[in-house]
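Tertiary structure, described
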Amino acid sequence: MFKVCKLSEGHPLYYTGAWLIEKTDLLPKFKIENEKFKHWLLLMEKEYRPLPYHNCIHASDVLQSFYFLAFHSQWGSKFTSIEKLAGIIAAVGHDIDHPGVSNQFLVKARDPIAIMYSDASVNEYHHSAHMFSVTLTSQYNIFSSFSTDEFEEVRRIIIKLILATDMGKHFEILSKFKTKIQSNGFRNLDTQENRLMVLEIALKCSDLNNPSKTQEIAVQWAYCIMEEFYRQGDKERELGLPISNFMDRNNSNVAKCQVGFIDLLVAPLYGTWALLGKDDGNNHIMKNNINTNKKMWQHIANIQADPNFAQMRSFAKSNSSIASSAVIQKPNPVTMPAVPALPEIFVMKASGKSLPDLNSSRLSTLQEPPMPAATNSPTTESSIQQTRSDPHE
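Here the structure is a predicted model, which is why all the values come from computation and not from measurement.

Turning to its location among the elements, Asn184 is positioned in the loop between α11 (170-182) and α12 (192-207). Considering only alpha carbons, one finds Asn184 and Leu276, 92 residues apart in sequence, at a separation of 9.6 Å.

The structure is reproduced here in structure tokens:
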């Protein structure tokens, strides 16, 4: 998705969303004008802050991954049209206007948002409220043609899906899903309760999908999230609050953090998701990528634990750039990923010249994504291709 952002000059969410929605019949079914939906995507994209991780690139990545996991699976045809549309909208706005800090930070800092939502799922309630508030008060209100019943249903589903991304509810949601699978409760997905439970897990997998990608992409995302962690740690230091685990840029271990992230959250989540589609070869690809990335990070953690090895220096500078020299190698070469230079795209605003001409058919340059190769994750950058015929690309 970093490549998509670069090719689109800062509009990954617009192009990803517009491309995916054209693969469905959802817009005419709900009487949403195509041009209005495109403008709405631009509006949503603008509402994402230029953060290292929770930005429009992450939103695009989650959207594309969610669409693949939920609707290209063996269960894709089981969802109703309004459930599909709600899922797509929830993925677009699941982290909109993210402040770059955790729920726990907002509560400890007595942030007005935490006060407003009584310390419960603070960011998630804010994402949902902000998306609806901006949408309903704009001229690009995609819900304007909905009946009262349709709006109430789509809103209920969107809120439910976004709230499911609260990591404070992670183990509770995963436990219910696993119990339902073990009791063969998903035989036909004949109830909305079951279908929404599947969509919740699909969105959660998409939100935590970084280790399921190939190594190069996984490393890039890892350093993006660590930089955002460090910025929160800087704020905690300034406010005199205890610095959260792995968020002290002066005393952190990226590899150890990633191993814990995979062991505690990602591997169990994807392992449970795979139970839903045991014969899906893509689950095997993602599992292999997760295992490969864990081995890589574990290898690095073991090397860093060596008393003869100098610890990794602070790599996150105030301008968010990372020099390759930030990693100190052992005298003998070892297999370690280079610390990537974080792309400027996560701190840039979309350039005016690249603003899509909504009256043109530029989307015609988007091509059908190829089937994933046996060695690649189905949700990697290769899933969305663009031709180079346009000078802006």
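Residues spaced three or four apart along an α-helix point in a common direction, a consequence of the helix completing one turn every 3.6 residues. Counted at 1.5 Å a residue, the expected span for helix α9 (residues 122-136) with its 15 residues is 21 Å, and the 21 Å between its end C-alpha atoms agrees. Counted residue by residue, α9 has 11 buried out of 15 residues, so it is predominantly covered. Burial in α9 covers these residues: Val122, Asn123, Glu124, His126, His127, Ser128, His130, Met131, Phe132, Val134 and Thr135. Turning to α9, the residues buried within the fold contact α4 (34-46), α6 (81-93), α7 (103-108), α8 (112-116) and α10 (148-163).

Here His126 is to be found in helix α9. On the basis of relative accessibility, which here comes to 12%, the residue His126 falls in the buried class.

A separate point is the packing of aromatic side chains. Each aromatic ring pair is characterised by the separation of its centres together with the angle its planes make. Taken as a whole and assessed by the stated rule, the structure comprises 15 aromatic pairs. An angle of 75 degrees between the planes, with centres 5.5 Å apart, marks the rings of Tyr53 and Trp221 as edge-to-face. One end of the pair, Tyr53, is in the loop between α4 and α5 (56-71); the other, Trp221, is in helix α13 (residues 215-239), with 168 residues separating them in the sequence. With respect to class, Tyr53 is no different from Trp221; both count as buried. Taking 5.7 Å as the distance between ring centres and 15 degrees as the angle between the ring planes, the aromatic pair formed by Tyr117 and Tyr125 counts as stacked. Residue Tyr117 is classed as buried on the basis of its relative accessible area of 18%. Each residue in the set Phe30, Phe132, Phe143, Phe146 and Phe151 is aromatic and connected to the rest through ring pairs, giving one cluster.

With that settled, the discussion passes to α6. Between its first and last C-alpha atoms α6 spans 19 Å; for 13 residues at 1.5 Å apiece the expected length is 18 Å, and the two agree. For α6, the tally of buried residues reaches 11 of 13 residues, placing the bulk of the element in the interior. Every buried residue of α6 is accounted for by Ile82, Glu83, Leu85, Ala86, Gly87, Ile88, Ile89, Ala90, Ala91, Val92 and Gly93.

Axis separation between α5 and α6 bottoms out at 8 Å; the angle between their running directions is 155 degrees. The angle between α5 and α6 places the two elements in the roughly antiparallel class. The two elements α5 and α6 cross, and the hand of that crossing is right-handed. In contact with Ala59, Leu63, Phe66, Tyr67 and Phe71 of α5, α6 contributes Lys84, Gly87, Ile88, Ala91 and Val92.

Conventions we followed
- Residues numbered from 1 in each chain as written.
- Predicted model: local features only at pLDDT ≥ 70, side-chain atom pairs only at ≥ 80, totals over all residues.
- Heavy atoms only, no water.
- Helix = DSSP H or I, 4+ residues; strand = E, 2+ residues; numbered from the N terminus.
- Expected span 1.5 Å × (residues − 1).
- Buried < 20%, exposed > 50% of the residue type's maximum accessible area, 1.4 Å probe, protein only.
- Contact = heavy atoms within 4.5 Å.
- Phe/Tyr/Trp six-rings, centres within 6.5 Å; stacked < 30°, edge-to-face > 60°.
- Axes fitted to C-alpha atoms, helices over the stretch in contact; angles between N-to-C directions.
- Parallel < 35°, antiparallel > 145°, perpendicular 65-115°, else oblique.
- Left-handed = near helix turned anticlockwise from the far one by under 90°.

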